[in-house]
Amino acid sequence: MTQMKAALLLVALSVLAMPAAGQETMRRQLTQADYDIWNSIQGSTLSNDGEWVAYTVQPLVGEGELVVRATGSTREHRHSRGYTGREVIGVGGGPGEEGGGGGGGSVGPAQFTADSRRVLFIVQPSREEVSAAEAAGRRGTAAPRPALMILDLATGSTTRVAGVRSFTLSGESGRFVAYTAPADTAAADSARSGGAARQAGAAGDAGPQRRRTYGSTLILRDLETGTETRVDDVAAHTFNRAGTTLAYVVSSRTPDRDGVYFLDLSTAVTTTVMSGRGVYRLLTWDRDGTQVAFVSDREDYDADEPRSTLYHATLRAPAARAIVAPDGAGDGLTVADRGSISFTRDGSALTFPMAPPPVRAIPADSLRGLAVFDLWHWRDPYLQSQQENSATRDRNRTFTGIYHLASRRVVQLTSDSIPSVSLSDDGRIGVANTNVPYRVEAMWGGSATDTYLVDATTGEMTTLRTAARGNASLSPGARYVTWFEDGGWHAYSVRTRRTVALTEGLDVRFDRETHSTPSTPPAWGIAGWTPDDASVLVYDRYDIWELDPAGARAPRMVTDSAGRRSNTVFRLVNLDRDSPFVDPAQPLLLRAVDETTMASGFWQDRLGRTTPPEQIMMAHRNVGTPQRARDAERYVLTMSTFQEFPNLWTGTRLDQLSRISDANPQQAEYRWGTVEIVSWLTNDGVPVRGLLYKPEDFDPSQKYPMVVYFYDTHTPSLHSYSTPTGRNVINAPVYVSRGYLVFMPDIHYVDGYPGPSALKTIVPGVQHLIAQGFVKEDGIGIQGQSWGGYQTTYIITQSNLFAAAMAGAPVANMTSAYGGIRYESGNSRTSQYEFGQSRIGGSPWQYPTRYIENSPLFYADRVETPLLIMHNDNDGAVPWTQGIEMFIALRRLGKEVYLLNYNGDAHNPRRRANQRDMDLRMQQFFDHHLTGAPAPDWMTQGIPFLRKGSDQVIQTEPAESTATAGNGG
């Protein structure tokens, strides 16, 4: 495509972003009442033939809708997906942490059959049904149930199967679907096939009565004929890749029926792989779908603590054979019935879990009257808090073994000292990276890695690196081990056992020169390998290089420096995720981002060619990574701007795309805004940039209140769409709709001085905007969450530029925060301060003054800015005592300060009601201090503990903001 055509496409796409004539009038302001109706697009997927795309339009709170749209016409099918966006009521985590919707009613993506003739999806009960059941107290099996829908794409007709929560399609054949019958139907089937004799222990000598999970009725439906086959007591099932055979596990109250079975889908013949009283688990197919493996305790079932055996079977020889006995793992290990089994890519070996001797927990009742304590030992690899958080995982830990089918040999691959190994496709070679010897040092960011080449046929290990930074990786063909160290790429030849420095002597940086913490910069990364490991493709900041891992050929820049010359980042797009290699015979598809304008799009190039890459399309949009249909040249992707939701676009060429979705047509009814990049100099003379969001009716002759919101870097999100919502951070669409300017600066950091860095960046940026004449000088606020909350708190101790500040989960005192714990993980916070985000560059004993100078607490007496703090008592990232320290200091000094603690909630509020409450109180706080709006009662009178719960601020109706242009309030 010519440059002219690409430019025209850019212009044409940009025109779509312009509002129609007259649209700019009579628009409404965004309020909390509007948040829940905003939709997202989830689970977009293409049919194999590229003729259809399916996606779910999901409101934040409400009922989702499946859209199945023809890619070459306007034909489409729509169907409700039920109450999929449910408010998060509790604060225990899970869906809704960031946005509020998507609770228990969430559903997975729709699935096309392999022949592209049907689409299947789960539908949740309606909002009305859910509400009625909750009001009636109907829970569990009495609650309304989801259903399976089968949509015929040719006719648009649907078939509903009630009571189905999930389903499995039959791979490449696409003809069958398997699903579990509703609970009441399954119970009836179970009674018919077993009756009273199927009760636990009623079938003769059933052995020890231990806790078991019994199967349910599995229904196999032929999508062509509609006929159904029912199989009782199925505990697990899986189709082979070709979709010709169903393997399933029976766990029955009639013990003799327990076992593993094959069902031939073309003949409906069932073959017993293995049966008999026992527990059968971890059933898995190989990649080709011709052999299976599983574990079972059948031979040891009557033991007090039965042990499992690893079994193997094939379609040709379906009778299972034991390949690893319970004690065949060696070294005191046993075959485990937890974890996973996986065949190597070529099917010649399989990995399986090995269990070390169990660590028995001390019964709590045995400690009655005795001392109960934790011992924190200075040589423990992990802190007691980390050990507590991982106790269940550690108690059930497994190691990985490999069984080679041809040699019938078992090799242990992982252990306490070697936690993981990545294997070659044939399972003969592996690479292990371990930080176990350095886990104590990891507490303060000093972790290192040892790397070993593993002969997976013998267990022999060759040391490749010790005390190194970063991990090494095995090439897809297993000929080389590569790693990044000392600013360059290195390759170790498995055959010659020689290491080559691949980028030595090149005058280019392959580490991230934009890295802004005191830690060692990582590499930009590997793009891929060509077949037979002939070459490896790696990135610098802008371009792609081809390196010879043997070191015989000189490095070659694939993209001919076009990226660096134009300040454009090129990254390889892998459209064939099934192949481990980059095909040199095919053009390389590159996604490009212009770092100056943030325009994005696609280019193409070829390996072995010396000409520059060719532009396919670029647009002043955030152009997403495309999906390509498996069997057709058809693409689907998203494109967005601040004003345009990331709708779906499709085409047979990436330079000829049409929009096929419109998820939020209601946006045209609301005041929105614009965004632009602004530039200025820090106080140290360093050029920096940021984003300025303006109301859509912006008048430069008027003065506007402004909120500064920041974290680290924001300009890459110039063309990103923000869904209007509210929680503990500034939402640009909401605030500009209410008449505010929103300024999001990028921060230029200097090691050792994070607080002064933010100050020297943000204050001159704000002053630069004030000089433009449209900012209300006494109406500027500042807000940040977490790291942004810390920087906000620091800045107001050094500058009185801001009329109000809101800090979420801020660190106030680095000297106490340094020794704090991230309670969610149990990890120490020390590494963050020495080498991470806090950027101090060392310990308090190395740089004691830095810890004090960067701590807002020690300058609290300078604060003149009213401060609203949110810090929740179940914050798993920043101890909430940090917020208390700052509150107590400012209270002691007689400063205006408020602290909101959403009881039991997390670092970012998860409960939707808490998010909305925080959002509205922050609006009220800024409206009062920046625009002169009346202060709400909670600011003037407080909320005494005895009146807790009496102040519930919920905005349900749109209200005109006082932050309108021209009146300063």
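So, how was this worked out
Residues numbered from 1 in each chain as written. Predicted model: local features only at pLDDT ≥ 70, side-chain atom pairs only at ≥ 80, totals over all residues. Heavy atoms only, no water. Helix = DSSP H or I, 4+ residues; strand = E, 2+ residues; numbered from the N terminus. Rg over C-alpha atoms; globule rule 2.2 N^0.38 Å. Contact = heavy atoms within 4.5 Å. Areas by Shrake-Rupley, 256 points an atom, 1.4 Å probe, with all protein chains shown as cover. Buried < 20%, exposed > 50% of the residue type's maximum accessible area, 1.4 Å probe, protein only. Polar contact = N/O pair within 3.5 Å; in protein donor to acceptor, adjacent residues only side chain to side chain. Pairing = 2+ DSSP bridges. Phe/Tyr/Trp six-rings, centres within 6.5 Å; stacked < 30°, edge-to-face > 60°. Salt bridge = Lys/Arg side-chain N within 4 Å of Asp/Glu carboxyl O. Expected span 1.5 Å × (residues − 1). pLDDT = per-residue confidence, 0-100. Axes fitted to C-alpha atoms, helices over the stretch in contact; angles between N-to-C directions. Parallel < 35°, antiparallel > 145°, perpendicular 65-115°, else oblique. Nonpolar A, V, L, I, M, F, W, Y, C, P; charged D, E, K, R; others polar.

A. Expanded view of the overall build of the chain. Within the chain, the secondary structure is distributed over 17 helices and 55 strands. For a compact globule of 969 residues, the expected C-alpha radius of gyration is about 30 Å, and the chain comes in at 31 Å, within 12% of that figure. Along the first, second and third principal axes, the C-alpha set of the chain runs to 85 × 80 × 70 Å. Within the chain, contacts between residues separated by at least 24 positions form 57% of all contacts whose residues are at least 6 apart in sequence. Just so you have it, the chain exposes about 42,300 Å², and 49% of that area is on carbon and sulfur atoms.

B. Quick look at the environment of H312. By the element assignment, H312 lies in strand β18 (residues 309-314). Overall, the relative accessible area of 6% leaves H312 in the buried class. Separated by 29 residues in the primary sequence, H312 and L283 have C-alpha atoms spaced 9.8 Å apart. Setting aside residues no more than four positions away along its own chain, H312 makes contact with Q291, V292, A293, A319, A320, R321, I323, F343, L350 and L405. A polar contact of 2.7 Å, which involves the side chain of H312, links it to the side chain of Q291.

C. Quick look at the sheet that holds strand β32 (residues 499-501). Read from one edge of the open sheet, four strands run β29-β30-β31-β32, paired in antiparallel fashion. This sheet does not close on itself; its edge strands, each paired only once, are β29 (473-474) and β32.

D. Molecular detail of the packing of aromatic side chains. Counted by the stated rule, this structure contains 28 aromatic pairs. Between W672 and Y721, the aromatic rings sit 5.7 Å apart at their centres with planes inclined by 15 degrees, giving stacked as the arrangement. Here the residue W672 occupies a position in the loop between β45 (656-659) and β46 (673-681), and Y721 occupies one in the loop between β48 (704-709) and α9 (732-737), the gap between them amounting to 49 residues. Take W672: its relative accessible area is 3%, and that puts it in the buried class. You can call Y721 buried: its relative accessible area is 13%. Centre to centre, the rings of F698 and F774 are 5.1 Å apart; their planes meet at 85 degrees, and the pair counts as edge-to-face. Of this pair, F698 sits in the loop between β47 (687-695) and β48 while F774 is found in the loop between α10 (754-770) and β50 (775-785), placing the two residues 76 residues apart along the sequence. Exposure remark for F774: the relative accessible area of 7% places this residue in the buried category.

E. How the structure looks around the pattern of salt bridges. Evaluated as defined, the whole model comprises 43 salt bridges. The shortest N-O distance in the salt bridge between D560 and R565 comes to 3.9 Å. Ionic pairing is found between K760 and D684, a salt bridge with its closest N-O pair at 3.6 Å. Here D684 lies in the loop between β46 and β47 and K760 lies in helix α10, a separation of 76 residues in the sequence. Overlapping salt bridges, with partners in common, bring together R28, D34 and E669 in one network.

F. Fine view of the environment of I526. On the secondary structure map, I526 appears in strand β33 (residues 526-529). For I526, a relative accessible area of 30% translates into the label partly exposed. Taking the C-alpha atoms as reference points, I526 and V536, separated by 10 residues in sequence, lie 7.4 Å from one another. Other than its neighbours up to four places away in sequence, I526 contacts S473, T482, W489, V536, L537, V538 and Y539.

G. How the structure looks around the sheet that holds strand β25 (residues 422-423). Strands sit in the order β25-β26-β27-β28 across an open sheet of four strands; the sheet is antiparallel. What marks the edges here is a single partner per strand, and that holds for β25 and β28 (461-468). Summarising the sheet, strand β27 (residues 449-455) and β28 pair through five bridges and their orientation is antiparallel. Within the sheet, the bridge partner assigned to Y452 lies in β28 and is T463.

H. View of helix α11 (residues 787-798). Counted at 1.5 Å a residue, the expected span for α11 with its 12 residues is 16 Å, and the 17 Å between its end C-alpha atoms agrees. Among the 12 residues of α11, 11 are classified as buried, and the element is accordingly described as predominantly covered. Every buried residue of α11 is accounted for by W787, G788, G789, Y790, Q791, T792, T793, Y794, I795, I796 and T797.

I. Representation of unusual backbone geometry in the model. Positive phi, normally seen in glycine, also occurs at L282, with a value near 60 degrees. If you trace the backbone, L282 turns up in strand β16 (residues 280-285). Within the chain, D331 stands out as a residue other than glycine whose phi angle is a positive 55 degrees. Within the secondary structure layout, D331 lies in the loop between β19 (321-324) and β20 (334-335).

J. Geometry of the confidence of the model for the chain. In this model, the chain carries a mean pLDDT of 90, and residues with pLDDT of at least 70 account for 91%. Across residues 93-104, confidence stays below pLDDT 50; counting only partners more than four residues off in sequence or on other chains, it has 35 contacts.

K. A look at the pairing of β19. As defined by bridge partners, β18 adjoins β19 across three bridges and the pair is classed as antiparallel. Residue pairing in the sheet places L310 in a bridge with V324 of β19. Two successive antiparallel strands, β18 and β19, enclose a turn made up of six residues.

L. Layout of the side chain of H929. Take H929: it is sitting in helix α16 (residues 912-931). Under the relative-accessibility criterion, H929 is labelled buried at 18%. One polar contact links H929 to E896, side chain to side chain, over a distance of 2.9 Å. Those residues in contact with H929, other than ones at most four positions away along the chain, are D778, A803, A804, P866, E896 and M939.

M. Representation of the packing of α10 against α11 within the structure. The interhelical angle for the contact between α10 and α11, taken along N-to-C directions, is 75 degrees, at an axis separation of 9 Å. Of the possible angle classes, the one that applies to α10 and α11 is roughly perpendicular. In contact with P754, G755, P756, A758, L759 and I762 of α10, α11 contributes W787, Y790, Q791, Y794, I795 and Q798. Residue composition of the contact of α10 with α11, grouped by class: nine nonpolar, three polar and no charged.

N. How the structure looks around the pairing of β16. Sheet analysis places β16 next to strand β17 (residues 291-296), joined by four bridges and oriented antiparallel. Following the sheet pairing, W285 is matched in β17 by V292. The hairpin formed by β16 and β17 contains five residues between the paired strands, and G289 there has a positive phi angle of roughly 75 degrees.

O. Layout of the environment of A860. In this structure, A860 sits in the loop between α14 (848-853) and β54 (867-870). For A860, the residues in contact, after removing those within four places along its chain, are M886, A889, L890, L893 and K895.

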